[in-house]
Number of protein chains: 2
Amino acid sequence: MYDGVKGFRDFYPGEMAARRTAIDTLEDTARRYGFREIGTPALERTRMYEEKSGAEVVEQLYSFTDRGGRDVALAPELTPTAARMVVAKGQALSKPIKWFSTRPFWRYEAVQQGRFREFYQTNVDVFGSSEPAADAEVLAYAADALTALGLSGEDFEFRVSHRDVLGGLLEAFDAEIDVERAIRAVDKRAKLDPAEYRALLADTGLSEAQVNEFDALLDTPEGDLDELATFAGTERVERAVENLRAVLDATADFGAREHCTLSLDTARGLDYYTGVVFECFDATGEVGRSVFGGGRYDDLIEGFGGPPTPAVGVAPGYSTLPLLMQRAGVWPAEEIATDYYVLQVGETRPVAARIARELRDRGHVVETDVSGRSFGAQLNYADSIAAETVVIVGEQDLAEDAVTVKDMDSGEQTQVPLDGFPGKHERPTYDDVA
Amino acid sequence: MYDGVKGFRDFYPGEMAARRTAIDTLEDTARRYGFREIGTPALERTRMYEEKSGAEVVEQLYSFTDRGGRDVALAPELTPTAARMVVAKGQALSKPIKWFSTRPFWRYEAVQQGRFREFYQTNVDVFGSSEPAADAEVLAYAADALTALGLSGEDFEFRVSHRDVLGGLLEAFDAEIDVERAIRAVDKRAKLDPAEYRALLADTGLSEAQVNEFDALLDTPEGDLDELATFAGTERVERAVENLRAVLDATADFGAREHCTLSLDTARGLDYYTGVVFECFDATGEVGRSVFGGGRYDDLIEGFGGPPTPAVGVAPGYSTLPLLMQRAGVWPAEEIATDYYVLQVGETRPVAARIARELRDRGHVVETDVSGRSFGAQLNYADSIAAETVVIVGEQDLAEDAVTVKDMDSGEQTQVPLDGFPGKHERPTYDDVA
């Protein structure tokens, strides 16, 4: 008997079926938006993350030296790999490059509810457009995907901010401020108690009065965004405000405006973000943490040695998304489904197998006996796999050129002519043949 | 600029689309047979493979010590993980357990055509039935999957053998034979020149006369299988011959008999196989190596601490399958496809975005401008993504409450009323509206 590795999960068929439904929905929505699937490796050179990912990610790397002496790491996120792939193809890729992929990533971190060491994400990115429409398309994709999962506007909200508004405001104070640390403090605003949060901000170089002033600015309502530009008096903040407003306007055209809320204390840590950033939250607040996030990272591809290539993306994951969907009551039932079980009684396998084949050819999920079991054992098994219809192929029935069709819900059954099943019906049930 | 890791591949959208079609086909066929998807971790305890996998696999492990001091390895195959999962749930799983999953595995081996260090397989297994029907169902699944990929009986064959026929025959010789090594020699029969192969066999303890006699037995035609039992005079070979014949008979009921050839020199190395084994080959011989294989492994679950649980499975992989499909001319085109590009001219984004949304709601792949580009640049881009239909939303058209629908193949275009597009059509093309 062996144990699995802590933080790595086994998914049995019921739970996997629910996860597959969610993954299919997010991928199908991405395809309809013209995002194209890519396939990416589990291992990358450790150096790539050491040089390009944040310190926190590097501390959590699963890294080792392979048998050929290469320092390699299990990918902790997609973005560096995607950037490497964009750079590798150079000008051969027509812009915008719109990619998606679903796969696991690995980080050695503390395991808790909704956080594992192996976690799956669907990454959706646009490379090669700096236009607000690209940010808006990513937001619209995310909103459509969540809507397709059965969530409504009452269930989720995208808290949208802009890295340059935050950075530019901090810059505007007459003080020596550690801007990176200050933004990290802002990122914790909703999580910490006010005193702790203010202490963090004060630590970055702001006076108590400046902390108060800055913190009040974070609550600026959308209609007063221009006041931020006036306060800072810099082109950086003016442009950032304009860009933020243009992105929100574009989400209106793309049908996602109702899901977006201005929320200047959304900072998305530091990493490589450069423009609009956003996080998806449970609108009821019941799921306290961010469900997923995204944003613009215009400098990353250039940092990988490519030409300047603006980029924006989002990465819904399947560790936190189930928490939101369960809260909203739209997580799919964790159970398997079977259209038909073809039950063999006596030496009837040739006919039973033929019927099973014909039903499978029509696209149905069909099982038949492969264990040589009794009538009762087969019926129990059919029940355990939630078979909707059981087709009983018995020697007596066959002598009369017939089979028996049983509805597993009601228990009702009826004899039907052999050549009438499945016959002309695409998906014959008891009701069709009774 | 960073390099990827040797033997690990990046898949760009065109190639990925072809691979996805193949994966979807193999998975869809598995679903129709009632195999249920499971999800499995990338990492397992190294000890599990050291104790349960063959020496060759262990030599090729990507293994390391994680930050918590655990000795872990990237999974080189699915079977040990599946066995661990079966044992972990004990009697809670109703038998037969029918599972499938598609995922990458990792082995540090020499990279060559059709062999990589990261490789994808769809594993399909039945646990809990020792009946020939289970072996036959796995073979029928494989045949149906290849047929669904567009391959015919002329393209592939399953070479079927039985581990106990081989082992039992070797046992029957009056000699001290290293049976494991002898079976490994048989596995190389088709690959080595005859002298080398005979030397290998002689090395295992067979005299020259015995080598000749044993080798001739391997060519026993199907009709004469009973002669093998007579030769050996053991119950083991008699039962094995009977089982092999029963499996082949069952494949007839399941519609896969025509794809199966008796081939006693198919041995599948050693590993954990205990009964019927088979390998899929290119029937034309052009692809020289085995495309994939499978077989029965009745002792593995017990070896993992579970109750006796017979098992049989197959694992088509996406490194060699493309070689066969390319040879047969059925590998999908490595290209992306787009149903609609909605082209914006002037300030028409609200209408263009609405049309794009309506088309996406009908399930189509639709892109629209997110880069603020000119008419010509958008048309070039639409061409680069192989858009079938371009919907031109221009200010002039809109002034007349119309849009222009352009067929990208013929270049023909026509103006249609705005409220007629997409209107009642599920998937309107130029021909529908012209």
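Rules and cut-offs
Residues numbered from 1 in each chain as written. Chains lettered and ligands numbered in written order. Predicted model: local features only at pLDDT ≥ 70, side-chain atom pairs only at ≥ 80, totals over all residues. Pairing = 2+ DSSP bridges. Helix = DSSP H or I, 4+ residues; strand = E, 2+ residues; numbered from the N terminus. Contact = placed C-beta atoms within 7 Å. Axes fitted to C-alpha atoms, helices over the stretch in contact; angles between N-to-C directions. Nonpolar A, V, L, I, M, F, W, Y, C, P; charged D, E, K, R; others polar. Expected span 1.5 Å × (residues − 1). Buried ≥ 20, exposed ≤ 12 C-beta atoms within 10 Å, placed from the backbone. Least-squares fit on C-alpha atoms with pLDDT ≥ 70 in both.

Asks: What exactly am I supposed to notice about the sheet that holds strand 6 (residues 118–127) of chain B here?
Replies: Where strands meet in a sheet, backbone hydrogen bonds hold them as pairs that are either parallel or antiparallel. All names here are of chain B. Strand order in the open sheet made by the eight strands is 1-5-6-11-10-9-7-8, with mixed pairing throughout. Each end of this open sheet is capped by a strand with a single partner; those strands are strand 1 (36–37) and strand 8 (260–262). With two bridges connecting them, strand 1 and strand 5 (residues 97–106) associate as parallel partners. Bridge pairing links Arg 36 to Trp 99 in strand 5. Packed on one face of the sheet, helix 5 (residues 132–148) meets strand 6, strand 7 (156–162), strand 8, strand 9 (276–282), strand 10 (292–296) and strand 11 (311–314) and runs near 10 degrees to strand 11.

Asks: Is there a simple way to think about the pairing of strand 16 (residues 413–417) of chain A in this case?
Replies: Remark: a regular strand shows side chains that alternate across the two faces of the sheet. All names here are of chain A. Across five bridges, strand 15 (residues 402–407) lies against strand 16 in antiparallel orientation. Looking at strand 16, one finds that Ala 402 is bridged to Pro 417. Where strand 15 folds back on strand 16, the antiparallel hairpin that results is connected by five residues, among which Gly 411 adopts a positive phi of roughly 85 degrees.

Asks: How do you make sense of the environment of Val345(B) when you look at a structure like this?
Replies: Relative to the elements of secondary structure, Val345(B) occurs in strand 12 (residues 338–345). Val345(B) sits 47 residues away from Ile392(B) along the chain, and the two C-alpha atoms are 7.4 Å apart.

Asks: Is there a simple way to think about the sheet that holds strand 3 (residues 63–65) of chain B in this case?
Replies: All names here are of chain B. Taken in spatial order, the three strands make up an open sheet running 2-4-3, and their pairing is antiparallel. Single-partner strands in this sheet number two, and they are strand 2 (43–45) and strand 3. Between one strand and the next, the sheet's axes are offset by a mean angle of 35 degrees, whatever the strand orientation. The pairing of strand 3 with strand 4 (residues 71–74) spans three bridges and is classified as antiparallel. Considered in strand 4, the bridge of Thr 65 is made with Asp 71.

Asks: Just checking my understanding: could you explain the interface of chain B and chain A for this structure?
Replies: Where interface size is quoted, it is often the accessible area lost as the parts come together. Every contact between the two is made by 76 residues of chain B and, on the other side, 76 residues of chain A. A total of seven residues in the side of chain B that touches chain A trace back to one element, the largest contributor, which is helix 1 (residues 13–32) of chain B. Its residues assigned to classes, the side of chain B that touches chain A shows 37 nonpolar, 14 polar and 25 charged.

Asks: I would appreciate a short explanation of helix 5 (residues 132–148) of chain A in the present structure.
Replies: For an α-helix the count is 3.6 residues per turn, leaving residues at separations of three or four pointing the same way. Residue and element names in this part refer to chain A. Taking 1.5 Å per residue as the helical rise, helix 5 with its 17 residues ought to reach 24 Å, and the 24 Å between its terminal C-alpha atoms agrees with that figure. Burial analysis of helix 5 places 15 of its 17 residues in the buried class, which makes it a mostly covered element. Following helix 5 by one or two positions, Gly 150 has its phi on the positive side, about 105 degrees.

Asks: I'm lost on the relation of the copies chain B and chain A in this one. Help?
Replies: In this structure, two copies of a chain are linked by a rotation about an axis accompanied by a shift along it. Mapping chain B onto chain A leaves a residual RMSD of 0.1 Å; the transformation is a rotation of 180 degrees accompanied by 0.0 Å of translation along its axis. A rotation of that kind, with that shift, is consistent with a two-fold axis. Minimal C-alpha separation from the rotation axis in chain B is found for Phe64(B), amounting to 3.1 Å. Taken as a fraction of all interface residues of chain B, those also at the interface in chain A reach 100%, which identifies the copy contact as same-surface.

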